[in-house]
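Report on the structure
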Amino acid sequence: MHTTTAELIIVAIILLDLSLAVSGSLAACIRLAAAQGVIAAILPLLAGSGAPESRAIIFSSTVILLKGVIFPWLLTRARVKANARKDVEPFIGYPASIILCLGAFAAASWLGTRLPLPETTRVAWIVPASLATIFTGFLLITTRAKAITQVLGYLVIENGIYVFGLALFVEQPLMVELAILLDIFVAVFVMGITIFHISREFDHIDTDELSQLSDWHPQRDGEAE
Amino acid sequence: MIILLMLVPLLAGLSAFLISDDGRRRGLLVSASALHLALTILVFVARPEIIPGDWFGLDALGLLFLGITSVLFFGASVYAVKYLSFEKYDPGEDSDEGFIFNNQPEAVFIGCLLLFLSAMTAVTVSRHLGMLWAAVEATTLLSAPLIYFHRHKRSLEATWKYLLICSVGIALALMGNLFLGAAGIKAGAGLDLESLLSKAAALDPAWVKAAFLFLFVGYGTKMGLAPFHTWLPDAHSESPALVSALLSGALLNCAFLGILRAAQVCAGAGLAGFTGDIFILFGLLSLMTAALFILGQRDYKRMLAYSSIEHMGILSLGVGLGGGAVYGALLNSVAHSLTKAGLFFVSGVILAAYKTKHISEVKGLFRRLPKTGVLWLAGFFLITGTPPSGIFLGKLMILKATLAGGHYVAAAAYLFFLAVVFAGLGRIFLEMTFGEAPQAGTSGKLPGESRQMLIPAACFFVCVIILGLYMPGWLSDTIAGAQRLIGGAV
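The structure presented is a predicted model; accordingly, all values stated were derived computationally and were not measured.

Definitions and limits used
- Residues numbered from 1 in each chain as written.
- Chains lettered and ligands numbered in written order.
- Predicted model: local features only at pLDDT ≥ 70, side-chain atom pairs only at ≥ 80, totals over all residues.
- Helix = DSSP H or I, 4+ residues; strand = E, 2+ residues; numbered from the N terminus.
- Buried ≥ 20, exposed ≤ 12 C-beta atoms within 10 Å, placed from the backbone.
- Contact = placed C-beta atoms within 7 Å.
- Rg over C-alpha atoms; globule rule 2.2 N^0.38 Å.
- Axes fitted to C-alpha atoms, helices over the stretch in contact; angles between N-to-C directions.
- Parallel < 35°, antiparallel > 145°, perpendicular 65-115°, else oblique.
- Left-handed = near helix turned anticlockwise from the far one by under 90°.
- Nonpolar A, V, L, I, M, F, W, Y, C, P; charged D, E, K, R; others polar.
- Core = buried A, V, L, I, M, F, W, Y, C linked by C-beta atoms within 7 Å.
- Expected span 1.5 Å × (residues − 1).
- pLDDT = per-residue confidence, 0-100.

1. Notes on the overall build of chain A
When its secondary structure is counted, chain A shows 8 helices and 0 strands. Ordering the α and β elements of chain A from the N terminus gives α-α-α-α-α-α-α-α. Buried residues in chain A amount to 47% of all 225 residues. Here the contacts in chain A between residues at least 6 apart in sequence split such that 76% fall between residues at least 24 apart.

Structural data, given as structure tokens:
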């Protein structure tokens, strides 16, 4: 029973990857990434047989609070404060995005067959789903113009990592888990502040314009803004 | 004792946010770092036993990197007092582009600096890989405000790249940690270093390999190995001199420690050959990248940053070769940290006097700032490994091991890239130290040479020269102990 639910969650996560790759609205992307984080956070409650342990409950609820409530709120605030345009401004077309995503999923499935999970977990497709989600995160970071989408990509990568970690529920002390979550929270917080500074300093948050520091254009040295 | 090492800078850092008086806050910085150094010396003298299952403990490897961090931070804190008082009266005008900017509030700067020390200490004493990860990520987050001390567009761009690239990189290292956990599920190894090492033989090799790749790319990004180094020259060139020194000398080593912990587990699992090849490949790649970009470099702080990439490549190469080369690599990491920190300190003095980072506009250091010029040139000889220097010894040991292991291609590439770097750096350093000083700007109120800003660099340089001539027994024992841990037993 639990296994079926877990497998449904995995399928949902893969579908969310694909919708992230084709979604053009920034607000929708924020919601999709949040939904993915929340769905992934249900996984530890299904691990093992019988009622979930209290440790799993604490952990899951912290993750849900962070990814489902706090992060979307922070990102939406950053979007409003930075006065960003409402679309994600991709550098490549949506068909190309989705083809890349599907290709990544194929590659991840192949890798999954090379890395068999121990018998303790019977949920299929954990490794491919996790790797494909990480790839989707990279796609968002590299092919979308705005600083906010880069943070979003970072969050999607985190989601991918958590799909794996949560489904397997690798033995880690709760304190360590919470320290890791605190780091991620502070990371998003600091990135949010930095986005605010970028929008004030540059009047936009397009990161492809952040290209003054490079060794590839030495002729630009000293050139005024 | 170990908890105290993390607690002192943590509490000092938090209280720095509350103190409003500049002088008292700077005093706190210096005294907290002096206390940290004293505690570090204490643990060197009497190393506390490692309790299995504890999250924190000190082995020879951690101790070595803790020592480097603590010494560098003390030097940086002495430097910071004078630096910050100069910055206070600086109009904050960017000379290269001529715009006005503000500085970060000093309380935030000093507070983050101390918290950064606390996080780096946590990296060196962590015995649990999850804890180690959390500490490494904390160093990224705490050092980002330090890079953005001068509030202008370029430093903001550097901060953003640093924050994003390193966070994403380190996220991959988290995946590596989880993979390592998956490798040990059957054996019940968890992520505690002790239990991982004791059960290393029972780990699933396919998962350990995948874990190592993720950890290598993840922490390698933070360490500045090519091709994941892209954030490094920007962050090092835009941050204040003492922050560059800490990033280069202390932080890169901390990230390296993360990779070394993974390598320790791999060696235990009988995968030393697999990790060795990866270390050698990326080591040579970093050397090549550094050599290429040093040749045409126009910015002297970026040049120092690329030189750091070169040295990270040397460390990686040495660890990959194994045996005596590991000793050479670790010795090199000590000597590089001291030398590079010293060079960054000196570069800060040059920047304050000349108001530019362009190499072509800095001429005649010997005439205009004689003491700085001498140190700058001495730093050049030390960093390129001219004897007597600890770096020379380290590089020589690595070369010897390369030849002894029959890696003739690697040895040839290693020597070639070192020669290119030497030539590239030589041109830049000589151009800057000799020649006529520019007339414009020499009059008026110049910061000139502050002894307090030069003494830390001079002390570090003397230490490196001493390392090249005489190796104290305690240091040699620590390095040898660390070498045994990584699996470089000869």
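Next comes the rest of the account.
2. Things to note about the overall build of chain B
Regarding its fold elements, chain B presents 19 helices and 2 strands. In terms of overall dimensions, chain B is globule-like: its C-alpha atoms have a radius of gyration of 21 Å, near the 23 Å expected for 490 residues. Here chain B holds 490 residues, and 62% of them are scored as buried.

3. What to know about the packing of helix α12 (residues 300–321) of chain B against helix α16 (residues 390–404) of chain B
Residues and elements named next belong to chain B. It is at 10 Å that the axes of α12 and α16 come closest, and there the two elements cross at 40°. Classed by the angle they form, the pair α12 and α16 counts as oblique. Crossing of α12 against α16: the hand is left-handed. Taking contact as the criterion, the partners of I314, L317, G318 and L321 in α12 are, on α16, K395, I398, A401 and T402.

4. Notes on the interface of chain A and chain B
Facing 39 residues of chain A, the contacting portion of chain B comprises 40 residues. Elements that contribute at least two residues to the side of chain A that touches chain B include exactly α7 (147–168) and α8 (174–202) of chain A. A per-element tally of the side of chain A that touches chain B places α8(A) first, with 13 residues. In terms of residue class, the side of chain A that touches chain B is made up of 24 nonpolar, 8 polar and 7 charged.

5. Brief notes about the nonpolar core
Among the nonpolar cores identified, the biggest contains 265 residues, and A:L152, B:F179, B:V208, B:A211, B:L242, B:L246 and B:F345 are the most heavily contacted of them. Once residues lying within four places of it in the same chain are set aside, the contact partners of B:L242 are B:A76, B:Y79, B:A80, B:Y83, B:F345 and B:G348.

6. Examining helix α15 (residues 370–383) of chain B
For an α-helix, the turn length of 3.6 residues means that residues three or four places apart are oriented alike. All names here are of chain B. For α15, which comprises 14 residues, the first-to-last C-alpha distance of 20 Å matches the rise-based estimate of 20 Å (1.5 Å per residue) to within 8%. Among the 14 residues of α15, 10 are classified as buried, and the element is accordingly described as predominantly covered. Buried-residue contacts for α15 involve α12, α13 (324–354), α14 (365–368), α16, α17 (408–433) and α18 (451–469). One or two residues past the end of α15 sits G385, with phi positive at roughly 80°.

7. Remarks on the packing of helix α2 (residues 26–41) of chain A against helix α4 (residues 54–81) of chain A
Residues and elements named next belong to chain A. Put simply, α2 and α4 touch, their axes get as near as 8 Å, and they point 170° apart. Regarding the angle of α2 to α4, the classification is roughly antiparallel. Contact residues: α2 offers L26, I30, R31, A34, G37, V38 and A41, while α4 offers S60, V63, I64, K67, G68, F71, P72, L75, T76 and R79. The residue makeup of the contact of α2 with α4, split by class, is 10 nonpolar, 4 polar and 3 charged.

8. Remarks on the environment of B:E310
One can find B:E310 in helix α12. Once residues within four sequence positions are removed from consideration, B:E310 is found in contact with B:S286, B:L287, B:A290 and B:V421.

9. Comments concerning the confidence of the model for chain B
Looking at chain B, the pLDDT average stands at 88 and 95% of residues meet or exceed 70. Here the complex is predicted with pTM 0.91, and the ipTM for its interfaces comes to 0.87.

10. Points about unusual backbone geometry
Residues and elements named next belong to chain B. In this model, A226 is joined to P227 through a cis peptide bond whose omega is 5°. A cis amide bond, omega -5°, links P387 with the succeeding residue P388. Along the chain, P388 turns up in the loop between α15 and α16. Phi is positive for K355, close to 60°, though the residue is something other than glycine. Note that K355 resides in the loop between α13 and α14.

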